[in-house]
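Spelled out from the first residue to the last, the chains are:
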Amino acid sequence: MSRTRSASRTEPEAELIELRDVHQRFGAVAALRGAGLSLRVGEVHALLGENGAGKSTLLRVLAGLQAPDRGELSVRGRVVHLHTPRDAWDEGIGLVHQHFTLVPRLTVLENLALGVRGPSGGWRGGMRLPLEHVAQRAREVAAATGLAIRPNEVVERLSVGDRQRVEILKVLLREPRVVALDEPTAVLAPAEIERLLALLRQLAASGRTVLIVAHKLDEVLSVADRVTVLRAGRTVLEAERASVNARLLADAMLGQEAREAYDNAPVLGRGSVVGGNHRVQARPGHTECIACLERVEVWPAGEAAAAEDPGAEISLDVHRGEIVGVAGVEGNGQRELALVLSGRRAPVRGRAVLPPDPAFIPQDRSREALARDFDLAENFALALHRQGPWRHGPLLRWSALRTTSEKLLTRYRVLAEGTHALARTLSGGNQQRVVIARELEAGHDLLVAENPTRGLDLAASAFVHGELARLREGGGIGIVLLSTDLDEVLTLADRVFVMVRGRLLEVPAAERTRSGVGELMLSASAAADEGVEKEAWPGDA
Amino acid sequence: MKGWKRKRGQAMLERRLPVGVLRWVGATGLAAGALGLTLLAAGVVLALGGYSPLRAGTALVSGALGSPDAFLSVTLVRAVPLVLTGLAVSLAFRAGVWNIGAEGQLYAGALLGAAVGLVSPGLPAPLHLPVLLLAAGLGGALWAAVPALLKTKLGVGEVVTTLVLNFVALNLTSWAVRGPLQENRGIFPQSDQVAEAARLAPLWEGTRLHWGFPVAVAVAVLLWWVLKYTPVGFRLRAVGAAPNAARVAGRIRVKPLTLGTFLVSGMVAGLAGGVEVAGVTYALYEGLSPGHGYTAIAVALLARLNPLGVIISGTLFGGLEGGAGAMQRDVGIPAAWVRVIQAFVILSALAIERWVRARPHSVFVHPPSAPGGAP
């Protein structure tokens, strides 16, 4: 559909926003080295690139969050300087953040009203939240875009997809000319992704410009009118959708050589629908059970989910040499299951037999996997500081920890300034490399990986998938992969489960297709979604 | 077209010097900057108050550093409780425990220490001093145990509880020196002097500097070493820097560690009280501490929570307080002005800290948290 849309535009549009020759260094790392971007009115523009290619940094420059070392930004041909997000707002540029910026304890409506001035203006307008005014405006925008949300729900009770819709609505309330979204599909289930992409097209059709940062090529190709590709901080390609294909984009993102290596990586069928039964059972010979859950309940007592669905129990055996895949829409208990399986939390009820000290890749890298203000050696030490070679009797051996860290940084090709670099200065993909390197170094029997490729681009995801496949081949370790990315689970897992409301349902081999599993996944959340349209905005009769 | 901003100089510096060195330079520069800002502001305020900043400054410096005796008997003696309480605060803050109660813990330590120092019979003389200091540490730890348990068992915020307990400890001391511990003459609200055997000997004859100073330095080095080289010190820093990552990635049990850190912090603050009794006053008074436990927060912050830095910043604040006496005597400036100057030091240290935090990518200005630098 996007192809016909862009082709139907006859005259070349005037450039709305133009970024030229942007440079930005962070310490010794050059994030941007001459990046450029031009946006036209009414288009969906995709910004592509590997991790660390500078996508997020360029977006931050555009949103006024980062003043670059060098470069020029013009809006409708007029050069502007953005020093604060407010400057960007004044130019009509609105950013939907990758990590959400809502206040969890406030309602949707209160969140929307934050930072909005009331119609009365003056100090009185600034003194109280203009709730009625915002509700009115939100109703209009919601009606125009089909962004259905429950205005009086407390944000912390919303699903990730709903939160993202609130986030987008919040930006739309300010009537931006440009809506920029940083990796918006990373957290969504397949049906939600389609909903989002349709919304983006609709926004563009209504005359707004949409800039989407993404790394899944099929999504980009289905929605974008034009594409800009960054590699190593430079703009290497700027093209109409009609003139590119997936291979061309992958080449531009990775460089041709790297793309070929990626094609030869041990994971198949990326980004496309995968036929279900390429791997039917755990292979014989690797049947030793290393982790057993017996009638385990994961919902903490007293939590709303537990009350809604009492008695949800999980029984699961994990064997060496297999990947157990757990799919599901966020918020169905995968988080709790991951914590129990990794030994980070005791089950509410039931019995969990686990190997000592399971390795764990939590989904929230920056909060739970890494100490942002620690350097890389210290972050390696978090998991390694209890063990032999890094201990000298009762003391830590920092020299050994530094040596190991350097070795791991090289082996896992982490782009960093060295073991003294702080974790927070690394890009998401490099942070994940650090986490994986650390969790695999200690030699565990069980690895629990929770959305291990969330927020990662093609090459980094391929790396993670390759590592998981390699570990399985080794046969010495059992892996549980919990992911909201259905393709990931279907391609990698030997056995596939779906998590629905605290229960674990095994997917029969015959139904291991995107649509088959998708139906199971959404069956639970459909009921909850029905309530959405019915709830009234305040002020409705 | 000129860029929005340039940072070339810094990038060049980073290429030429090792990271560890840069962090130390950064930390020192930060402290020097705070001090410079402070002196500037204090000078302006003194001038506005009608005093000559120059004369005041001269009196302050000569009172603190003017002679060997001024330095040893005034500055360093005052530095001892500041270093110890500063260490208590640093340790707690490093673990994310906001212990504002060093003052109360100091008094609790002084109270229990003095009580032990007064009852001499029954103890062999060489053991009396160690037992006094041990009792003082125990007193501080007991005082910290209340907010520590409230925090770890019930989730009560420690800022309020530690602060409130300061006043309770102060009043408890007032009651003790009017009741059970009052001197035998029963005239002044103070205790009798502790036994000779329970006192800290002078370090050099003829000065008032006592063995408490090397004790404080030893505690600082010990804490620095623990934070840097021991697993428990590393876990403590991890809990302070990133509690979630410590729990999930580090598999660290946060509550026991928090509890332990809190108690040790209280113990070190209590030790400060015991050292004051055994080394300076030899008796328990109401006004034993002129707010050392509060100044300790400034000492710790200025040292950027580094135990070795606390020795320096504690000595600096000791000099400020010691010089204040001279300033009052020679120029007639009320000693309260020193409180104003201390407030300036805290404010400028905090302001510079914020400024640094806003530049996360610069190695140059980053806190020395790396094991290669300082813990």
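See the structure above.
As the structure is a computational prediction, the values presented were derived from the model and not from experiment.

Quick notes on the rules
- Residues numbered from 1 in each chain as written.
- Chains lettered and ligands numbered in written order.
- Predicted model: local features only at pLDDT ≥ 70, side-chain atom pairs only at ≥ 80, totals over all residues.
- Heavy atoms only, no water.
- Helix = DSSP H or I, 4+ residues; strand = E, 2+ residues; numbered from the N terminus.
- Buried < 20%, exposed > 50% of the residue type's maximum accessible area, 1.4 Å probe, protein only.
- Areas by Shrake-Rupley, 256 points an atom, 1.4 Å probe, with all protein chains shown as cover.
- Axes fitted to C-alpha atoms, helices over the stretch in contact; angles between N-to-C directions.
- Parallel < 35°, antiparallel > 145°, perpendicular 65-115°, else oblique.
- Left-handed = near helix turned anticlockwise from the far one by under 90°.
- Contact = heavy atoms within 4.5 Å.
- Nonpolar A, V, L, I, M, F, W, Y, C, P; charged D, E, K, R; others polar.
- Phe/Tyr/Trp six-rings, centres within 6.5 Å; stacked < 30°, edge-to-face > 60°.
- Patch = residues over 30% accessible without salt bridge, like charges linked within 9 Å, V, L, I, M, F, W, Y side chains within 5 Å.
- Salt bridge = Lys/Arg side-chain N within 4 Å of Asp/Glu carboxyl O.
- Pairing = 2+ DSSP bridges.

Caption draft 1: The overall build of chain A, seen in detail. Per the secondary structure count, chain A includes 20 helices and 21 strands. The buried share of chain A, reckoned over its 541 residues, is 57%. A total of about 21,900 Å² of accessible surface is found on chain A, and carbon and sulfur atoms cover 50% of it.

Caption draft 2: Layout of unusual backbone geometry. The backbone phi angle of Ala 232 of chain A is positive, close to 50°, even though this residue is not glycine. Following the sequence through the fold, Ala 232 of chain A ends up in the loop between strand E9 (226-231) and strand E10 (234-240).

Caption draft 3: Just helix H12 (residues 292-302) of chain B, in detail. Residue and element names in this part refer to chain B. In terms of burial, H12 is largely enclosed, as nine of its 11 residues are buried. Listed as buried for H12 are His 292, Gly 293, Thr 295, Ala 296, Ile 297, Ala 298, Val 299, Ala 300 and Leu 302. One or two residues past the end of H12 sits Arg 304, with phi positive at roughly 50°.

Caption draft 4: Quick look at the packing of helix H17 (residues 428-441) of chain A against helix H18 (residues 458-474) of chain A. Residue and element names in this part refer to chain A. At a closest axis distance of 10 Å, the pairing of H17 and H18 adopts a crossing angle of 15°. Taken together, the axes of H17 and H18 are roughly parallel relative to one another. H17 and H18 meet at a crossing whose hand is left-handed. Counting all contacts with H17, which are made through Gly 429, Gln 432, Arg 433, Ile 436 and Leu 440, the residues of H18 involved are Ala 460, Phe 463, Val 464, Glu 467 and Leu 471. Tallied by class, the residues present in the contact of H17 with H18 amount to six nonpolar, two polar and two charged.

Caption draft 5: Representation of the packing of aromatic side chains in the model. Here the structure, examined in full by the defined rule, presents five aromatic pairs over all chains. On the numbers, 5.9 Å between centres and 35° between planes, the contact of Phe 374 of chain A with Phe 234 of chain B is tilted. In this pair, Phe 374 of chain A is assigned in the loop between helix H14 (365-369) and helix H15 (376-384) and Phe 234 of chain B in helix H9 (residues 231-241), connecting two distinct chains. Looking at Phe 374 of chain A, the relative accessible area reads 3%, which means it is buried. Here Trp 398 of chain A and Phe 234 of chain B contribute two aromatic rings whose centre-to-centre distance is 5.6 Å and whose plane-to-plane angle is 70°, an arrangement assigned as edge-to-face. Pair noted here: Trp 398 of chain A is in helix H16 (residues 398-411) and Phe 234 of chain B is in helix H9, and the two residues belong to different chains.

Caption draft 6: Broad picture of a nonpolar patch on the surface. Residue and element names in this part refer to chain B. A surface patch of nonpolar side chains, amounting to about 430 Å² of accessible area, comprises Trp 98, Val 159, Val 160, Val 164 and Val 168. In this structure, Trp 98 sits in the loop between helix H4 (68-94) and helix H5 (102-118). When its relative accessible area of 42% is taken as the criterion, Trp 98 is described as partly exposed.

Caption draft 7: Examining the pattern of salt bridges more closely. Residue and element names in this part refer to chain A. In the structure shown here, the tally under the stated rule is 37 salt bridges over all chains. Here Arg 335 ties to Glu 368 by a salt bridge, and the two come within 2.5 Å at their closest N and O atoms. Residue Arg 335 is found in helix H13 (residues 334-341), and its partner Glu 368 is found in helix H14; the two are separated by 33 residues along the sequence. Owing to a relative accessible area of 24%, Arg 335 belongs among the partly exposed residues under this scheme. Notably, a salt bridge pairs Glu 441 with Arg 411, separated by 4.0 Å at the nearest N-O pair. Of the two residues, Glu 441 sits in helix H17 while Arg 411 sits in helix H16, which places them 30 residues apart along the sequence. Residue class for Arg 411 comes out partly exposed when judged on its relative accessible area of 49%.

Caption draft 8: Region of interest: the pairing of strand E6 (residues 93-96) of chain A. Residue and element names in this part refer to chain A. Because side chains alternate across E6, one face comprises the buried residues Ile 93 and Leu 95, and the other comprises Gly 94 and Val 96, equally buried. Pairing of E6 with strand E7 (residues 178-182), which is carried by four bridges, proceeds in the parallel orientation. Counted as the bridge partner of Val 96 is Leu 181 from E7.

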